[in-house]
Structures are given as structure tokens and as C-alpha cells.
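# Per-entry structural report
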Amino acid sequence: MAIDKLSINDLLLDKVLGAPPPEDTPNEQPIDPQQPDLTCTPDPTKTKAHRQVVGVEYTGGKAYGKATGLYNKHRKYSEQWNPWHPFQSAHDFQQAQLFSQQTKTWIDQHLRHGLDNFKIESFHSADALRNLFSELDLGLGDDSWIEDDSHIFGTLYYRDIFKCIQFLLAHLPFQVHLNFEPVSLADSKGRRIYSKRNMGDLWWDTQDQLPAGATIVPVICASDKTHLNNFSGDQYAWPLYLTIGNIRKDIHCTPN
């Protein structure tokens, strides 16, 4: 059994008088260029931003002022405005976020048994929670829809694409998940890491062609046939979803 573990070279060296002992071969496997190294960790000392390389301040993502988000819009009219509206507290809002991923039966049982120690004050059933969700003011209300009946295939409902982009850029929960300029990231062995859109060569090359201070906003659109109901002639719709590549992909790809 011991011989089976030896290589052919080791067997030949053992038969040569005075031959040096075989060297220990490292256990590291060569990196396959076709397979990504999923274990590499970024090295912060090798991170490069576009402005550092070009040497011009505000090369990309220059701030021209503070965005007026939903919170500031309401706060301007009333200092007593509740930022967690329509929920009564931050605790209720956080619980609602968790419940949004659960089924109606699970929510009702959770609330009925008081598993939250009856601390939730804003809602006491799944139906009440659903009504609160419908009252959330995200900045794009029902009045933002534009109706167009000129199409022979049906009615087209749409929103102003620029207002949608402005909303996404100013949405407060996305504040810490936005990227405004290209960066280059490498691991401790100097290998380039691609994990976000602004780390790719396309973003870098496009930024080089723009004036200082310009911000690239990649617009991502997707569509999927949606079945509406079975009781009115099997109605279907083809919604066009929009997001921007500045938002971290694990955030903008989340259904909720």
C-alpha cells in the first residue's frame, strides 16, 4: 500500500545510490484560467478609484447638491412628521420588513401567539399589515402613472423614465448601496476582481470619454409576461421593470 502512494519518479530515485531524498511537493493546485478563484479576498491596499488614477478631483460622481428625498420633503412642512409613517415606530417598521417575506398564515399565527411579546402596535393581523403597505409613500404615487389609449393592442401605462431614475438615486434606503464612480480592486496576489458593475472595463472606458464630474447611470430594463386573472378572458400584461446599475446588484435584484 505504501508503494501505491509513491510516484514513478520517487521509485526511480530510491534505486539510485546516493540520491537525495525527494522534495516535498506543495499541495497547491494550479489555478485553472477557465475557473474563477472564488476564495480570493480583496486587498484594500490595491484598490484604485478613477479619480486617483486620473489625478483630477471629482472625475466621476461629483455631488452638485443634497438630494431632496421623501424624508426631507415631509420634514420641511412638519417637524412632528413620523419618518416611519404609516407605522407608529421604528420597531413596527422593522417587524413589517421581516413579515413581508412570510405567508399570511405565518403572520397571523405569529401575532396571535404574541411571539413579539405584543410589542407591535401598528398592526395585529396580516390584512392590517397589507393595508399599511398600501399606504407607504415611496415618492411615486398613483398619480405618477401616465395612460395612453392610442395603441391598438391595448392601453399603455407608464411613468416618466427620468423621474424613476431620480427617485432611485434619491431613495434614502439605497444611500449606502450606490456606486458613482469606477474602481479597480485586486486581491493580495494582484489578480483583478470583478464583483460590481463599476469594476468592469466598460465603466472605466466610458468614464474616460466623459467630462470631469459626470456620473454614469446604467439603465437596466427587463420584461416578463404576467398573468393577471382567469375571470376576464385570461388577461395578460407585459410590465417593463427598470432599475439602475449604480445600486448594488444584491439589492436591486431582491424582489422585495
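Structural data are supplied above this passage.
Criteria and cut-off values
- Residues numbered from 1 in each chain as written.
- Predicted model: local features only at pLDDT ≥ 70, side-chain atom pairs only at ≥ 80, totals over all residues.
- Heavy atoms only, no water.
- Pairing = 2+ DSSP bridges.
- Helix = DSSP H or I, 4+ residues; strand = E, 2+ residues; numbered from the N terminus.
- Buried < 20%, exposed > 50% of the residue type's maximum accessible area, 1.4 Å probe, protein only.
- Core = buried A, V, L, I, M, F, W, Y, C linked by side-chain atoms within 4.5 Å.
- Contact = heavy atoms within 4.5 Å.

## Let's talk about the sheet that holds strand 1 (residues 48-49)
One open sheet accounts for three strands, arranged 1-4-5; its pairing is antiparallel. Because the sheet does not close on itself, it has two edges, and the strands there are strand 1 and strand 5 (192-193). Where strand 4 (residues 183-186) and strand 5 come together, two bridges link them in antiparallel fashion. By the bridge assignment, L185 is partnered in strand 5 with I193.

## Re the pairing of strand 4
In strand 4, alternate side chains face the same way, and those of V183 and L185 on one face and S184 and A186 on the other are all buried. Taken together, the two bridges between strand 1 and strand 4 define a ladder with antiparallel strand orientation. Following the sheet pairing, A49 is matched in strand 4 by V183. What sits between the antiparallel neighbours strand 4 and strand 5 is a turn of five residues, in which G190 has the positive phi angle 80 degrees.

## Some points on the nonpolar core
Core analysis: the largest hydrophobic core is formed by 10 residues, namely F87, A96, F99, I107, L111, I120, F123, A126, L129 and L132. Mapped by element, the contributors of at least two residues to this core are helix 4 (90-99), helix 5 (104-112) and helix 6 (126-134). Of the residues forming this core, the biggest block, three residues, is contributed by helix 6. Excluding its chain neighbours within four sequence positions, the residues that come into contact with F87 are N82, D92, F93, A96, S122, F123, L129, L132, F133 and L136.

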